[in-house]
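# Examining the three-dimensional arrangement
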Amino acid sequence: MQEIVTEKLNQARILKRKFKLNETISVLKECLEIDPSCLIAAAQAGLCLLLLGRPEEAEPFFKKTFEETQKTDLSVGAYLAACLTAEGKENAAENVLADIQKNFSAAETFMLAAEMLSEKKQHDKAVRLIDSLSVHFAQDPFFSRSVNHYRMIRVLAHAGLADIAGQLAETLSENDPDSWEALASRASVAIAEGKYDEAYSLTVQALQNGGASYPLLAAQQHWLAMNK
């Protein structure tokens, strides 16, 4: 039986690398039918569902993994809390965070989940995660890096909240207006406002000032070049 599970896990790994996420999930579910205690399959199924913008379906897989590891898999606990937050289950999310926060910061996980949901146009759910980041992680070292402020601004702008994103972009620009993070933040706001020529110019500047290390910016430049 274990050989079959291992074979299917390898199959799922290959499918995931090809970003065939629905097929990956099907194979992982087969693993769990054979061996319900295969927590690798459960955690990966949850992650694939979250990548597809389906946190309500991802939640039970993360919950299974977290509980069956006696709440010791803190990264899975963070993803569970993120799913619960995205679904508007704040009290349940806070209970999970209480179990993990002494030893683990869920800030990066919340940001990743927000970006995943934003890419799938699940904007309300993504914004819930950003709100939670602002409330629960305001003093977290996560926000000591400008790139993470940019990531938050980008999600808010993508959700159509150009006013809020614009205010945050202005604040980020006060310290270093020519940093790639500040330029990219202003580009995100310009995209939300439909100012594609301005967004293109800002994106090019951001790439020239160090943003080339952030892969989404190059894709953004290409998209703007086709649409400005």
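Criteria and thresholds
- Residues numbered from 1 in each chain as written.
- Predicted model: local features only at pLDDT ≥ 70, side-chain atom pairs only at ≥ 80, totals over all residues.
- Heavy atoms only, no water.
- 1 Å grid on protein atoms, 1.4 Å probe; cavity = no way out; pocket = protein on both sides within 12 Å on 5 of 7 lines; lining within 4 Å.
- Points joined across faces, edges and corners; volume = space filled by probe spheres on them.
- Helix = DSSP H or I, 4+ residues; strand = E, 2+ residues; numbered from the N terminus.
- Nonpolar A, V, L, I, M, F, W, Y, C, P; charged D, E, K, R; others polar.
- Phe/Tyr/Trp six-rings, centres within 6.5 Å; stacked < 30°, edge-to-face > 60°.
- Buried < 20%, exposed > 50% of the residue type's maximum accessible area, 1.4 Å probe, protein only.
- Salt bridge = Lys/Arg side-chain N within 4 Å of Asp/Glu carboxyl O.
- Expected span 1.5 Å × (residues − 1).
- Arc of directions from axis to C-beta.
- Contact = heavy atoms within 4.5 Å.

## Details of the layout of surface pockets
Approximately 420 Å³ is the volume found for the largest pocket. Taken together, 13 residues form the lining of the largest pocket, with E119, R154, H158, I191 and Q220 sitting closest to its centre. Only α9 (146–158), α11 (180–192) and α13 (215–227) provide two or more residues apiece to the lining of the largest pocket. Of the residues in the lining of the largest pocket, the class split is seven nonpolar, three polar and three charged. S146, H149, M152, I153, L168, T171, L172, N175, D176 and S179 are the residues that line the second largest pocket.

## Things to note about the packing of aromatic side chains
Per the counting criterion, the structure on display carries seven aromatic pairs. Taken together, a centroid distance of 5.5 Å and an interplanar angle of 65 degrees make the contact between F110 and F137 edge-to-face. Taken together, the residues F110 in helix α7 (residues 107–119) and F137 in the loop between α8 (123–136) and α9 connect sequence positions 27 residues apart. Comparing F110 with F137, the two get one shared label, buried. With a centroid separation of 5.1 Å and an interplanar angle of 85 degrees, the aromatic rings of F142 and F143 are classed as edge-to-face.

## A closer look at the pattern of salt bridges
Under the criterion given, the structure shown has eleven salt bridges. One salt bridge connects K71 with D99, and the closest N-O pair in it is separated by 3.3 Å. With a gap of 28 residues between them, K71 in the loop between α4 (55–68) and α5 (74–86) and D99 in helix α6 (residues 90–100) connect regions that are remote in the sequence. Taking the relative accessible area as the measure of exposure, D99 reaches 37% and is therefore partly exposed. Here the salt bridges share partners, and the residues they tie into one network are E59, E87 and K89.

## Section: helix α10 (residues 162–175)
At 3.6 residues per turn, the α-helix brings residues three or four places apart onto the same side. Here α10 is 14 residues long and its end C-alpha atoms lie 21 Å apart, about the 20 Å a rise of 1.5 Å per residue gives. Within the sequence span of α10, burial applies to A162, A165, G166, A169, L172 and S173. Buried residues of α10, viewed axially, fall in a sector of 125 degrees; they line one side. For α10, the exposed residues lying more than 90 degrees away from the buried face are D163, Q167, E170, E174 and N175. Those residues of α10 that are buried lie in contact with α9 and α11.

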